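One-letter residues, chain by chain:
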Amino acid sequence: MTDGVNADELLRRIQRARERAAEEERAWQERARSLASTDPDGAREAAVRARAFEAVLQVLEEIVCPGGRRPAPAEGVKQVT
């Protein structure tokens, strides 16, 4: 692992990670909603996982745009405020 990564490639990787975190957050939120009436414990677990992906998304956004400026959302990525 001695290959270097240039800044453009690093940014692309972070943007892909943002997209994935947003997808996972949405999926876990949907799972929490669908389990709410039938499996309260499962719904709580899914909600916790959604919050974890929300935190990851916020960290990745802070890396891309430090100081509170929000980057333009990648396709399908919701802005977290």
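Note that the structure is predicted; figures quoted are calculated from it, not measured.

Caption draft 1: Quick look at the pattern of salt bridges. Evaluation of the coordinates by the stated rule reveals eight salt bridges. Between Arg-12 and Glu-9 there is a salt bridge; the shortest N-O distance is 3.0 Å. Of this pair, Arg-12 and Glu-9 are both found in helix 1 (residues 7–35), three residues apart, which corresponds to roughly one turn of the helix. The exposure class of Arg-12 is partly exposed, given its relative accessible area of 42%. The exposure class of Glu-9 is partly exposed, given its relative accessible area of 21%.

Caption draft 2: Focus on helix 1. Across its 29 residues, helix 1 extends 42 Å between first and last C-alpha, which sits within 8% of the 42 Å expected from 1.5 Å per residue. All buried positions along helix 1 are accounted for by Ile-14, Arg-18, Ala-21, Ala-22, Glu-25, Ala-32 and Leu-35. Structurally, helix 1 contributes buried residues whose contacts are with helix 2 (40–64). Backbone nitrogen of Asp-8 and a side-chain oxygen of the N-cap are separated by 3.2 Å at the start of helix 1; the cap is Asn-6.

Caption draft 3: How the structure looks around the packing of helix 1 against helix 2. Look at helix 1 against helix 2: their axes get within 8 Å of each other, and the N-to-C directions meet at 160 degrees. Looking at the two axes, helix 1 sits roughly antiparallel to helix 2. Our pair here, helix 1 against helix 2, has a crossing hand that is left-handed. Split into classes, the residues belonging to the contact of helix 1 with helix 2 amount to 19 nonpolar, two polar and seven charged.

About the criteria used
- Residues numbered from 1 in each chain as written.
- Predicted model: local features only at pLDDT ≥ 70, side-chain atom pairs only at ≥ 80, totals over all residues.
- Heavy atoms only, no water.
- Salt bridge = Lys/Arg side-chain N within 4 Å of Asp/Glu carboxyl O.
- Helix = DSSP H or I, 4+ residues; strand = E, 2+ residues; numbered from the N terminus.
- Buried < 20%, exposed > 50% of the residue type's maximum accessible area, 1.4 Å probe, protein only.
- Expected span 1.5 Å × (residues − 1).
- Contact = heavy atoms within 4.5 Å.
- Polar contact = N/O pair within 3.5 Å; in protein donor to acceptor, adjacent residues only side chain to side chain.
- Axes fitted to C-alpha atoms, helices over the stretch in contact; angles between N-to-C directions.
- Parallel < 35°, antiparallel > 145°, perpendicular 65-115°, else oblique.
- Left-handed = near helix turned anticlockwise from the far one by under 90°.
- Nonpolar A, V, L, I, M, F, W, Y, C, P; charged D, E, K, R; others polar.

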